[in-house]
Amino acid sequence: MADCCASNDNILLFSCSGGSNVAQIANDAAKALDQLGQGRMYCAVGVASRLPSFIETANAAGKRVAIDGCEVHCLKKGFEAAGVPVDVHVVVTDLGIAKGHHFNYGPDDVALVAGAVGDKLGARPCCSGGGQ
Ligand code: SF4
């Protein structure tokens, strides 16, 4: 089996999931990576809200991936406030996608972000170019 298709439940995937295109691209990228077996998507707000069971689960992961939509870095800051480390941080706007308060985006945008996460994890998702 190729590495990029290997299941890795020890990686937890989080996204900021806010009210903009880039936040929802982050959310869709985390979902896509979960579906590709690159990790398991988990509830970011539970960690950022400092709920003990969520913090315990996040801290027990081998790696924590945080996908923020923009340079405000809500997710990363929430994790810092909760005392949970972030091992891989990807910011959608850093990849050249402009933030807007709309939801007009496509599979190429999601694939770009999922691919950037895969690159940082050392395994580009198998289907990163195909969208879904
Ligand atoms: S990081 Fe940016 S896109 Fe994500 S929730 Fe915060 S302000 Fe919204």
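Residues numbered from 1 in each chain as written. Predicted model: local features only at pLDDT ≥ 70, side-chain atom pairs only at ≥ 80, totals over all residues. Heavy atoms only, no water.

Q: Even after reading the chapter, I still don't get the overall build of the protein, so can you show me in this structure?
A: Scanning the protein from terminus to terminus reveals five helices and four strands. Helices and strands in the protein line up, N terminus first, as β-α-β-α-α-β-α-β-α. Taken over 132 residues, the protein has a buried fraction of 45%. Expressed as a percentage of contacts within the protein between residues at least 6 apart in sequence, the contacts between residues at least 24 apart total 67%. (Helix = DSSP H or I, 4+ residues; strand = E, 2+ residues; numbered from the N terminus. Buried < 20%, exposed > 50% of the residue type's maximum accessible area, 1.4 Å probe, protein only. Contact = heavy atoms within 4.5 Å.)

Q: Looking at this structure, how should I read the sheet that holds strand S1 (residues 11-15)?
A: Whether parallel or antiparallel, the strands of a sheet pair through hydrogen bonds between backbone atoms. The strand order S2-S1-S3-S4 describes an open sheet built from four strands, whose pairing is parallel. Single-partner strands in this sheet number two, and they are strand S2 (40-41) and strand S4 (88-91). Two elements, strand S3 (residues 63-68) and S4, share four bridges in a ladder whose sense is parallel. Looking across to S4, one finds that Ala66 is bridged to His89. (Pairing = 2+ DSSP bridges.)

Q: Is there a simple way to explain the pattern of salt bridges in this structure?
A: Tallying each qualifying case throughout the model produces two salt bridges. Between Arg64 and Asp87 there is a salt bridge; the shortest N-O distance is 3.0 Å. Here the residue Arg64 occupies a position in strand S3, and Asp87 occupies one in the loop between helix H4 (74-82) and S4, the gap between them amounting to 23 residues. Overall, the relative accessible area of 6% leaves Arg64 in the buried class. (Salt bridge = Lys/Arg side-chain N within 4 Å of Asp/Glu carboxyl O.)

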